[in-house]
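Residue-level structure breakdown
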Amino acid sequence: MGAFVKLLFRNRLAGFGAVVLGVIVVLALITPWLPLHPPNETVTANRFLRPGTPGHLLGTDHLGRDLLSRLLWGTRLSLAVGFAAAVIAGVVGAAIGIIAGYFGGRTDNVTMRGVDMLMAFPYILLALAIVAALGPGLMNALIAVAVVNIPFFARNIRGITVGIANKEFIDAARLSGMGHTRILLTEVLPNVIPVIVIAMSTTIGWMILETAGLSFLGLGSQPPQADLGSMLGEARSAMITAPHTSIVPGVMILLIVMSINLLGDGVRDALDPRLRSGALTRPLPATQVARKSVPEVPARPGLLEIDALETQFHVGKRVYRAVGGVTLELKPGECLGLIGESGSGKSVTALSVMGLVASPPGVITGGAVRLEGQDLVGARYERLRSLRGDKVAYIFQDPLSTLHPLYRVGDQLAEAILCHHGIGRAAAMERAVKLLEDVRIPNASARARAFPHELSGGMRQRVAIAMALANEPDIIIADEPTTALDVTVQAQVLALLDELRRERGVAILFITHDFGVVGQLCDRVAVMYAGRIVEQGTTREVLDDPAHPYTRRLIACVPELGEGRRVMAAIPGLPPAVDNLPDGCAFAPRCDKATEACRTGEIALEGGARKVRCIHPEGSVREATA
Ligand code: ADP
Ligand code: MG
């Protein structure tokens with residue numbers, strides 16, 4: 001709730017609307033206790049007094065009635081009627097929409113055709129017809145406005161429900177034996193309530209206007225009862241001689257409708273889960289940086305050095321230490337594997353390199369990332385932008401979500417090229433086709449005209465690789481690029497990456513959770529656990545002779561062909577939550593060799609080319625230290 005209010009007021013206009021509407025509603029609520037003239041007290045001697053007359057702050061109307069009093073009582077009535085109409089239309093319309101959308105078939109057809117019939121009449125004509133049939137009066141005007149608005153809700157909610165009714169979680173509910181009523185109430189309704197609230201908050205202003213319109217025509221509230229519409233209607237004849245009688249209710253209608261609409265827009269944005277989880281918080285173009293000190297630049301800079309990098313997520317009062325001092329070096333043409341369980345901080349490390357971690361909540365709190373000696377952490381956005389995709393390119397896990405669904409893959413490739421090289425569209429397109437050939441896509445010139453959904457998963461990942469190669473980068477960061485693929489396609493993609501690396505000398509930072517993949521592709525490997533590197537060395541050394549108990553257990557989880565029967569030992573327990581890391585070694589709670597010393601103080605990452613962060617290492621490292 002607090003987060004909702006905060007989001008809402010971040011939108012200044014919505015905040016303004018909320019304040020104005022709040023004042024009006026409070027005034028309307030306390031009207032009976034305010035020291036006002038009775039709203040219907042006629043004093044013909046005081047006709048058309050100007051605003052500011054003592055005793056009549058806003059003047060009087062053609063019967064000498066106090067305008068301020070009538071205005072407040074009228075506002076009270078108009079708000080109540082508009083709100084009631086919105087609630088009725090919302091509830092009835094949503095019920096129709098949910099039932100039609102959920103049951104589908106004939107139910108859907110019959111109810112929605114009925115709704116269509118209502119919709120076929122011009123709006124105001126239908127309202128007039130209903131009032132004509134029921135007779136004039138505020139209650140009947142309310143019914144008319146509600147009925148006229150039902151189709152809007154029914155149509156909207158039906159559309160949403162149809163989308164939800166085919167989702168797996170509804171099937172799961174059905175399989176678990178829930179009845180229709182229960183599914184509708186506990187599974188469907190919670191998902192459409194935000195939409196109902198939003199539709200209501202954005203239409204309530206309309207409904208107040210419509211009620212006022214009917215009253216204006218003399219079909220709503222009956223004299224002497226005041227509502228905003230009837231006040232306007234009565235003032236019509238004196239529009240020129242006593243304009244204040246129309247201006248006073250007119251301005252009030254304007255204020256109410258405007259503030260409701262501004263607030264409604266704000267509510268809509270703040271309730272939308274997609275907007276709420278990011279778009280409204282406006283992520284910065286590059287990750288925020290708050291470093292206390294900057295590590296020294298070494299005398300001989302390498303290609304890419306990640307130096308004691310610390311990236312955290314600051315969510316409210318909580319601090320998630322996703323990356324806690326990672327040091328890695330990538331040499332030209334080398335493939336470095338970064339391996340670890342899900343949640344160990346691999347992706348955040350990779351995204352930090354180019355300042356791609358979403359901020360807020362991401363903050364780089366320490367360390368440096370040097371590309372050929374130049375620090376990228378805290379570099380100007382223009383510089384990062386010119387490097388992204390040009391010097392350093394990314395391949396992500398799921399190519400379907402990284403490719404734009406509405407553009408042809410060739411155009412997307414060409415765009416990636418044109419971002420960095422002004423070579424003209426035709427030349428870029430030609431290069432795009434060439435790239436598709438490079439990644440072994442058969443019939444590349446035809447495939448360039450395909451949309452992402454027309455390609456298979458392996459093809460799409462090839463397109464993503466082609467895109468990464470588009471500007472001939474020095475470094476490719478591949479974040480689990482084969483996890484979404486099946487084994488044969490995975491093998492093809494790995495072979496392709498390996499070949500490209502050997503042909504073009506691209507350095508690859510290859511992120512995975514699979515030691516089998518590391519063994520095929522990487523020269524060196526770094527093992528990550530709870531945001532830190534726990535072991536590092538050449539792939540052979542680490543695979544054949546793991547030193548950290550965690551690495552050993554991880555490797556033991558990989559099945560091998562022809563090895564005979566063997567118990568696959570899963571690592572007991574779970575990785576620690578990064579907002580509450582234990583003291584000492586983060587793996588100690590799951591480690592069978594842990595001693596008291598493991599649970600206190602800082603355990604350093606020791607060694608030269610072969611590094612281990614453990615005081616009880618295994619294998620040859622243990623013999624070396626013993
Ligand atoms: P992986 O190794 O699977 O790629 P990530 O790098 O994606 O793991 O995540 C590392 C840690 O950062 C996880 O423990 C995750 O909970 C945390 N994290 C990631 N994004 C956020 C976020 N927006 N807010 C809070 N914590 C986050
Ligand atoms: Mg990841």
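Just so we're clear, the structure is a prediction, and the values are computed from it rather than from any experiment.

A few words on the packing of helix α3 (residues 67–103) against helix α9 (residues 228–235). At a closest axis distance of 8 Å, the pairing of α3 and α9 adopts a crossing angle of 135°. Judged by the inter-axis angle, α3 sits oblique to α9. Residues Leu-67, Arg-70, Leu-71, Gly-74, Thr-75 and Ser-78 of α3 pack against Leu-228, Met-231 and Glu-234 of α9. Partitioned by chemical class, the residues of the contact of α3 with α9 number four nonpolar, three polar and two charged.

The next thing to look at is empty space enclosed by the protein. Per the counting criterion, the structure on display carries five cavities of 30 Å³ or more. As for the largest cavity, its lining consists of 13 residues, and the residues nearest its centre are Pro-549, Cys-585, Cys-591, Cys-598 and Cys-614. The residue inventory of the lining of the largest cavity, partitioned by class, reads ten nonpolar, two polar and one charged. Roughly 60 Å³ of volume is contained in the second largest cavity. When contributions to the lining of the second largest cavity are tallied by element, the ones reaching two or more residues are α3 and α9. Element by element, the count of residues in the lining of the second largest cavity is highest for α9, at three residues. Broken down by class, the residue content of the lining of the second largest cavity amounts to three nonpolar, two polar and four charged.

Under the defined criterion, the tally for this structure stands at zero disulfides. Residue Cys-585 stays outside any disulfide, its sulfur separated by 6.2 Å from that of Cys-598, the closest cysteine. Taking relative accessible area as the criterion, Cys-585 reaches 16% and is therefore assigned buried. The structure places no disulfide on Cys-591, whose sulfur is separated from the nearest cysteine sulfur, that of Cys-614, by 6.4 Å.

Around ligand 1 lies a shell of 13 residues, among which Gly-343, Gly-345, Lys-346, Ser-347 and Val-348 are the nearest. Taking Gly-343, its main chain carries an N or O atom lying 2.7 Å from an oxygen atom of ligand 1. Here an oxygen atom of ligand 1 and a backbone polar atom of Ser-344 are 3.2 Å apart. A total of 570 Å² of accessible area belongs to ligand 1 in isolation, and the protein chains cover 68% of it. Counting residues per element, the ones that place at least two in the shell around ligand 1 are β3 (318–330) and α12 (346–353). Across the shell around ligand 1, the residue classes tally to six nonpolar, five polar and two charged.

Where nonpolar side chains cluster on the molecular surface, the patch consists of Val-5, Phe-9, Val-19, Val-23, Val-25, Val-26, Leu-27, Leu-29, Ile-30 and Trp-33 and spans about 920 Å² of accessible area. At the level of elements, α1 (2–10) and α2 (12–30) are the ones that each hand at least two residues to the nonpolar patch. The element that contributes the greatest number of residues to the nonpolar patch is α2, accounting for seven residues. Following the sequence through the fold, Trp-33 ends up in the loop between α2 and α3. Using a relative accessible area of 71% as the deciding quantity, one classes Trp-33 as exposed.

There is about 680 Å³ of room inside the largest pocket. Forming the boundary of the largest pocket are 23 residues, of which Arg-388, Gly-389, Tyr-394, Ala-416 and Met-467 lie nearest the centre. Contributing elements (two or more residues each) for the lining of the largest pocket: α13 (381–387), β7 (392–395), α15 (409–420) and α18 (457–469). Grouping the amino acids of the lining of the largest pocket by side-chain chemistry returns 13 nonpolar, seven polar and three charged. The calculated volume of the second largest pocket comes to roughly 520 Å³. Secondary-structure elements contributing two or more residues to the lining of the second largest pocket are α1, α2, α3, α8 (180–216) and α10 (244–271). A breakdown of the residues in the lining of the second largest pocket according to their chemical character gives 19 nonpolar, three polar and one charged.

Turning our attention to the side chain of Arg-370. Tracing the backbone through its elements, the reader meets Arg-370 in strand β5 (residues 362–371). A distance of 3.0 Å separates a polar atom in the side chain of Arg-370 from a polar atom in the side chain of Asp-307. Setting aside residues no more than four positions away along its own chain, Arg-370 makes contact with Pro-295, Glu-296, Val-297, Pro-298, Leu-303, Leu-304, Glu-305, Asp-307 and Asp-375.

So, on to the packing of aromatic side chains. Each aromatic ring pair is characterised by the separation of its centres together with the angle its planes make. Within this structure, the stated rule accounts for six aromatic pairs. Aromatic pair Tyr-529 and Phe-587: ring centres 5.2 Å apart, planes at 85°, arrangement edge-to-face. Of this pair, Tyr-529 sits in strand β10 (residues 524–529) while Phe-587 is found in the loop between α22 (549–556) and β12 (611–612), placing the two residues 58 residues apart along the sequence. Judged by its relative accessible area of 1%, Phe-587 is buried. Put simply, the rings of Tyr-529, Tyr-550 and Phe-587 pair up and form one aromatic cluster.

With that settled, the discussion passes to the side chain of Arg-524. Note that Arg-524 resides in strand β10. Leaving out residues up to four positions away in the same chain, Arg-524 has contacts with Glu-329, Lys-331, Glu-334, Cys-335, Leu-336, Gly-337, Gln-536, Gly-537, Thr-538 and Thr-539.

The final tally for this structure, using the stated rule, is 30 salt bridges. Across the pair Asp-108 and Arg-158 runs a salt bridge whose closest N-O atoms are separated by 2.7 Å. Remark: Arg-158 occurs in helix α6 (residues 138–165) and Asp-108 occurs in helix α4 (residues 105–120); sequence separation between them is 50 residues. By relative accessible area, which is 12% here, Asp-108 ends up buried. With a closest N to O distance of 3.8 Å, Glu-602 and Arg-613 form a salt bridge. In this pair, Glu-602 is assigned in the loop between α22 and β12 and Arg-613 in the loop between β12 and α23 (619–625), connecting sequence segments eleven residues apart. The exposure class assigned to Glu-602 is exposed, which follows from its relative accessible area of 58%.

All right, on to the sheet that holds β7 then. Taken together, the seven strands give an open sheet; going across it, the order is β7-β8-β9-β4-β10-β11-β12, and neighbouring strands pair in mixed fashion. In this open sheet, the two strands that pair with only one neighbour each are β7 and β12. Where strand β8 (residues 475–479) lies against strand β9 (residues 507–512), five bridges are found, and the strand directions are parallel. In the strand pairing of β9, Ile-475 is matched with Ala-507.

Counted at 1.5 Å a residue, the expected span for α3 with its 37 residues is 54 Å, and the 53 Å between its end C-alpha atoms agrees. Where α3 begins, the side chain of Asp-66 points an oxygen toward the backbone nitrogen of Ser-69, at a separation of 3.1 Å. Phi turns positive one or two residues past the end of α3, at Gly-104, with a value near 65°.

Conventions adopted
Residues numbered from 1 in each chain as written. Chains lettered and ligands numbered in written order. Predicted model: local features only at pLDDT ≥ 70, side-chain atom pairs only at ≥ 80, totals over all residues. Heavy atoms only, no water. Axes fitted to C-alpha atoms, helices over the stretch in contact; angles between N-to-C directions. Helix = DSSP H or I, 4+ residues; strand = E, 2+ residues; numbered from the N terminus. Parallel < 35°, antiparallel > 145°, perpendicular 65-115°, else oblique. Contact = heavy atoms within 4.5 Å. Nonpolar A, V, L, I, M, F, W, Y, C, P; charged D, E, K, R; others polar. 1 Å grid on protein atoms, 1.4 Å probe; cavity = no way out; pocket = protein on both sides within 12 Å on 5 of 7 lines; lining within 4 Å. Points joined across faces, edges and corners; volume = space filled by probe spheres on them. Disulfide = S-S within 2.5 Å. Buried < 20%, exposed > 50% of the residue type's maximum accessible area, 1.4 Å probe, protein only. Near = heavy atom within 4 Å. Polar contact = N/O pair within 3.5 Å; in protein donor to acceptor, adjacent residues only side chain to side chain. Areas by Shrake-Rupley, 256 points an atom, 1.4 Å probe, with all protein chains shown as cover. Patch = residues over 30% accessible without salt bridge, like charges linked within 9 Å, V, L, I, M, F, W, Y side chains within 5 Å. Salt bridge = Lys/Arg side-chain N within 4 Å of Asp/Glu carboxyl O. Phe/Tyr/Trp six-rings, centres within 6.5 Å; stacked < 30°, edge-to-face > 60°. Pairing = 2+ DSSP bridges. Expected span 1.5 Å × (residues − 1).

Geometric values such as these leave the question of function open.
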